[in-house]
Amino acid sequence: MESVFDFQLIKSLLSRSDFRFTFDAMHAVTGAYAKPIFVDKLGAKLDFISNGVPLEDFGHGHPDPNLTYAKDLVNIMYSKNGPDFGAASDGDGDRNMILGKRFFVTPSDSVAIIAANAQEAIPYFKNGPKGLARSMPTSGALDRVAEKLNLPFFEVPTGWKFFGNLMDAGKLSICGEESFGTGSDHIREKDGIWAVLAWLSIIAYRNKDKKLGEKLVSVSDVVKEHWAKYGRNFFSRYDYEECESEGANKMIEHLRGLISKSEAGEKFGNYVLKFADDFTYTDPVDGSVASKQGVRFVFTDGSRIIFRLSGTGSAGATIRIYVEQFEPDVSKHEMDAQEALKPLIDLALSVSKLKDFTGREKPTVIT
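Residues numbered from 1 in each chain as written. Predicted model: local features only at pLDDT ≥ 70, side-chain atom pairs only at ≥ 80, totals over all residues. Heavy atoms only, no water.

Some details on the environment of Gly91
With respect to the helices, strands and loops of the structure, Gly91 is situated in the loop between strand E3 (85-89) and strand E4 (96-100). Taking the C-alpha atoms as reference, Gly91 lies 9.0 Å from Pro65; in sequence the two are 26 residues apart. (Helix = DSSP H or I, 4+ residues; strand = E, 2+ residues; numbered from the N terminus.)

Quick look at the structure:
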């Protein structure tokens, strides 16, 4: 990490009396790295790290860094005098969640913002990234950064091996997925600690000339400035866990039937269809083909609805619905994502007939 980031720059931020940082290791493996890196090397106070001792049972918690399972961290960050920056990582340390004061950074925005700021804030990228990539369900925020920076861009199926191939071929530097995995070619894996250090680098870089008493550039400032420049991709994921496999499979078959009959220009409520398909990916490196990677409805305004089925094991299947809407109008950027996406979410539920097929009224997790 010292060879990737400017540790002195990050240390200048973490040692400030007017900046408070908290890292929740969720009693998982990054607890072993948190003290040596954040405290010993970067000067953070020891009490900035919570749940920092790795435990076999994760302290009876569920080490998944999202708004549902990292509730302790979320509550701290949304409290009246919460810290300025909060982060968490998962069981094996490859995923991450980033929060500002009363502000959640979606993983789709996170990878886009890291990519947009990497060249100036992170020494490893001083010559600029080689290319950018995201998993298909991840929002199009990264696409807009790639376009503006004139970088090669790849949309791949869910699964890190697809990124690995591109990295091995020297085509990719920064990548991410909406399921809280963010990484770069410093290793061939997603890396939770790397993502936290990348964000601290950006915040430190933006505040390097700020004197004590001056208002610091916050996480939410960085995100809102990014939206103002690139537009905001409202994004949400609905997970329906442990559905009956039979009903879940029938729902996907119903959707595949629907896309085979759908045509460009068709109206879905207020949305006009650009195309509908079952995502297929041809690897530009080895020519291998991955098919049936997710049912997509893509509309002319850039909005998307995606349906994926994962895990059809003994505990049943998980249905994931992804909804995304691009909003260039800055005056609408402050809207709550669930509110902005409500028409699309309603459309997704009616098109899929999810309730009819699964009997489920509500998702297990909303991100």
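Comments concerning the layout of surface pockets
Of the volumes computed, that of the largest pocket is approximately 430 Å³. For the lining of the largest pocket, the per-class residue count stands at twelve nonpolar, five polar and seven charged. When its volume is computed, the second largest pocket comes out at roughly 280 Å³. Surrounding the second largest pocket, 17 residues form its lining, Arg134, Gly140, Asp143, Gly302 and Arg304 being those nearest its centre. Elements supplying a minimum of two residues to the lining of the second largest pocket: helix H5 (141-149), strand E12 (271-278), strand E15 (295-299) and strand E17 (316-327). Partitioning the lining of the second largest pocket into residue classes produces four nonpolar, four polar and nine charged. (1 Å grid on protein atoms, 1.4 Å probe; cavity = no way out; pocket = protein on both sides within 12 Å on 5 of 7 lines; lining within 4 Å. Points joined across faces, edges and corners; volume = space filled by probe spheres on them. Nonpolar A, V, L, I, M, F, W, Y, C, P; charged D, E, K, R; others polar.)

Quick notes on the sheet that holds strand E9 (residues 181-184)
Pairing is mixed in the open sheet, where four strands are placed in the order E7-E6-E8-E9. Looking at the sheet topology across the chains shown, the edges are occupied by strand E7 (153-156) and E9. Strand-to-strand twist in this sheet, taken as the mean axis angle between neighbours without regard to direction, amounts to 15°. Relative to E7, strand E6 (residues 132-135) runs parallel, the two sharing four bridges. Its bridge partner lying in E7, Ala133 is registered against Phe154. In the packing of helix H4 (residues 107-121) onto the sheet, contacts are made with E6, strand E8 (174-177) and E9, and the angle to E8 comes to roughly 170°. Strands in contact with H5 are E6 and E7; relative to E6, the strand with the most contacts, it is inclined by about 165°. (Pairing = 2+ DSSP bridges. Axes fitted to C-alpha atoms, helices over the stretch in contact; angles between N-to-C directions. Contact = heavy atoms within 4.5 Å.)

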